[in-house]
Amino acid sequence: MYLPPHDPHVDDPMRFKPLFRVHLMERKSATVECMYGHRGPHNGHIQIVKKDEFSTKCNQTDHHRMSGGRQEEFRTWLREEWGRTLEDIFHEHMQELILMKFIYTSQYDNCLTYRRIYLPPSHPDDLIKPGLFKGTYGSHGLEIVMLSFHGRRARGTKITGDPNIPAGQQTVEVDLRHRIHLPDVETLGNFNELSRIVLEVREQLRQEQQQQEGGHEAGELQPGPAQPRGELLARGPDGASAGDGAAAVAQQPAPSGEAQPFVLPVGVSSRNEDYPRACRMCFYGTGLIAGHGFTSPERTPGVFILFDEDRFGFIWLELKSFSLYSRVQATFRNADAPSPQAFDEMLKNIQSLTS
């Protein structure tokens, strides 16, 4: 099992934890050992369910128990999973979420079903190389997200989930047609200014969608305006549009390698204060939020920030929260999708499991 680094050290490498092992014997026989718990390897079982799917079962779950009972098991799990003790966590809501995760994960006793996932296919026109990323999710800690590109959209799909948004769901979606040109650093520090810019883009998208729907109903789609779509002019604090020079900057992507200063607006919380202070470009996006148990899910507006080839961020406008994502550098063999269609089908399948 690949575990993310301890929260909030998103740039640290993944952690590796053996769950089971197989001994190949003579005459095509094999023995399976469960590696879960702290009392050494013990008897287990593996069953091939169907193509690209198998299940594991521990036959001696008493090996998972500790002499100090559930309290000792919880403290040991907390130290291994989070790198801290319960006394280190002062936030009551975070304590509740951690306890929920322990109860949820420990009940399975390493009796799990595994399904194959593919790494996303890449294309020369992609913004950056797609793949797996570690991301900060507030009190939920670090989670694994798969970034993939689909034409003029990018999607972040949760590979690991939490009590609010389960694995398989699209945590973020980015509209690469609508780039956001951030104001200068001093103005960017004003959350209301950033919020105004993002909501203007959302309104623009809504109007475009209405025009398209109206055109379809009338049976005659008219061509849009000649100027570039989706670019937002930089505006000053008073809301007035900047001059033509600023428009040219907003409409042209920054040259490769050129970065602009970046700072989080005042009031936006971040688990990791060591985020990059320069970014390449930003785009309009939406983030998925929900109550516990994935209740009342909704997509809310936000900003996708590209820092470099291996890091990006997302500002959740409604939550006033920032997530930082860093590429998983581990190498996975035989994980490439046989075709783009196979990858899309896999995404649909893992999403349907939790919808």
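Residues numbered from 1 in each chain as written. Predicted model: local features only at pLDDT ≥ 70, side-chain atom pairs only at ≥ 80, totals over all residues. Heavy atoms only, no water.

So the rule is basically this: UniProt positions are given in the numbering used here, feature names are shortened, and annotations may be inferred rather than shown by experiment.
The name an unreviewed UniProt entry gives the protein is F-box only protein 31 isoform X1, with Galeopterus variegatus as the organism. Recorded under Pathway (unreviewed entry), the UniProt text for the protein is reproduced unchanged: "Protein modification; protein ubiquitination."

## Topic: the overall build of the protein
Applied cut-off: Secondary structure is summarised from DSSP: a helix means a run of H or I of at least four residues, a strand means a run of E of at least two, and numbering begins at the N terminus for each. Any two residues whose heavy atoms approach within 4.5 Å at even a single point are treated as in contact. Where accessible areas are quoted, they stem from the Shrake-Rupley method and a 1.4 Å probe; at the residue level, only the protein chains shown are allowed to cover.
Regarding its fold elements, the protein presents six helices and 18 strands. Taking the intrachain contacts of the protein between residues at least 6 apart in sequence as the baseline, contacts between residues at least 24 apart amount to 54%. If you sum the accessible surface of the protein, you get close to 19600 Å²; carbon and sulfur atoms cover 51% of it.

## Topic: the packing of aromatic side chains
As a reminder of what qualifies: The criterion for an aromatic pair is that two Phe, Tyr or Trp rings (for Trp, the six-membered ring) have centres within 6.5 Å, with stacked assigned to planes under 30 degrees apart, edge-to-face to planes over 60 apart and tilted to the rest. Relative accessibility decides the category of a residue: with a 1.4 Å probe and only protein chains considered, values under 20% of the type maximum give buried, values over 50% give exposed, and everything between is partly exposed. Whether a charge lies above a ring is judged from NZ of Lys or CZ of Arg, which has to be within 6 Å of the ring centre and within 35 degrees of the ring normal.
For the structure on display, the rule yields 19 aromatic pairs. Ring centres of F314 and W316 lie 5.1 Å apart, and the angle between their planes is 75°; on these two criteria the pair is classed as edge-to-face. Residue W316 is classed as buried on the basis of its relative accessible area of 4%. An aromatic cluster is defined as three or more aromatic residues linked by ring pairs; in this entry it consists of F133, Y137, F304, F312, F314, W316 and Y325. The ring of Y275 has R277 sitting right over it, with the charged end atom 3.7 Å from the ring centre.

## Let's talk about the nonpolar core
Rule in force here: To form a nonpolar core, buried Ala, Val, Leu, Ile, Met, Phe, Trp, Tyr and Cys residues must be joined to one another through side-chain atoms within 4.5 Å.
One finds I180, L182, F262, V303, I305, I315 and F322 to be the most contacted residues of the largest nonpolar core, which totals 24 residues. Of all the secondary structure elements, the ones that give two or more residues to this core are α4 (191-218), β15 (281-291), β16 (295-308) and β18 (321-327). When residues in this core are grouped by element, the largest group, six residues, is from α4. Beyond its immediate stretch of four places on either side in the chain, F262 contacts L182, V185, L188, Y275, P276, R277, A278, C279, I305, F307 and I315. Residues F133, V145, V172 and F312 belong to the second largest nonpolar core, which totals 19 residues.

## What about helix α6 (residues 340-352)?
To keep it simple, the criterion reads: Each residue after the first adds 1.5 Å to the expected span of a helix. What the arc measures is the spread of directions leading from the helix axis to the C-beta atoms.
Taking 1.5 Å of rise per residue, the 13 residues of α6 would be expected to cover 18 Å, and the 19 Å separating its terminal C-alpha atoms lies within 8% of that figure. When we look at burial in α6, the residues that qualify are F343, M346, L347 and I350. Down the axis of α6, the buried set is contained in an arc of 100°. They therefore lie on one face. Across α6 from its buried face, at more than 90 degrees, point the exposed residues Q341 and K348. The elements touched by buried residues of α6 are β9 (142-150) and β10 (153-158).

## Some remarks on the confidence of the model for the protein
This is how it is decided: Each residue carries a pLDDT value, the predictor's own confidence for that position, ranging from 0 to 100.
Predicted confidence across the protein gives a mean pLDDT of 85, with 88% of residues reaching 70 or more. Low pLDDT, under 50, characterises residues 220-256; the stretch is placed with 43 contacts to residues that sit more than four places away or in other chains.

## With respect to the pattern of salt bridges
Quick note on the threshold: Salt bridges are defined as contacts in which a side-chain nitrogen from Lys or Arg sits within 4 Å of a carboxyl oxygen from Asp or Glu.
Overall, the coordinates contain 22 salt bridges when judged by the stated rule. Its salt-bridge partner being R70, residue E73 comes within 3.2 Å of it at the nearest N-O pair. Of this pair, E73 and R70 are both found in helix α1 (residues 69-82), three residues apart, which corresponds to roughly one turn of the helix. Taking the relative accessible area as the measure of exposure, R70 reaches 41% and is therefore partly exposed. The closest approach of N and O atoms between E203 and R206, which form a salt bridge, is 2.4 Å. Taken together, the residues E203 and R206, both in helix α4 and three residues apart, mark about one turn of the helix. One salt-bridge network, in which partners are shared between bridges, spans R153, R155, E173, D175 and R177.

## Comments concerning the pairing of strand β8 (residues 131-136)
The condition that has to hold: Two strands are said to pair when DSSP picks up at least two bridges between them.
Most of β8 sits inside the fold, with six of its six residues counted as buried. In this structure, β8 lies alongside β9, joined through six bridges in antiparallel fashion. Residue pairing across strands places L132 opposite M146, the latter belonging to β9. Two successive antiparallel strands, β8 and β9, enclose a turn made up of five residues, where G138 displays a positive phi of approximately 55°.

## Observations concerning the pairing of β15
Most of β15 sits out of view: ten of its eleven residues are buried. Bridge analysis of strand β11 (residues 170-180) against β15 gives six bridges, and the strand direction is antiparallel. Of the residues in β15, the one forming a bridge with D175 is Y284. Here β15 runs beside β16; their pairing, made up of ten bridges, is antiparallel. Residue pairing for β16: I289 is matched across the bridge by E298. Hairpin connection from β15 to β16: three residues lie between these consecutive antiparallel strands, with G293 at a positive phi of about 80°.

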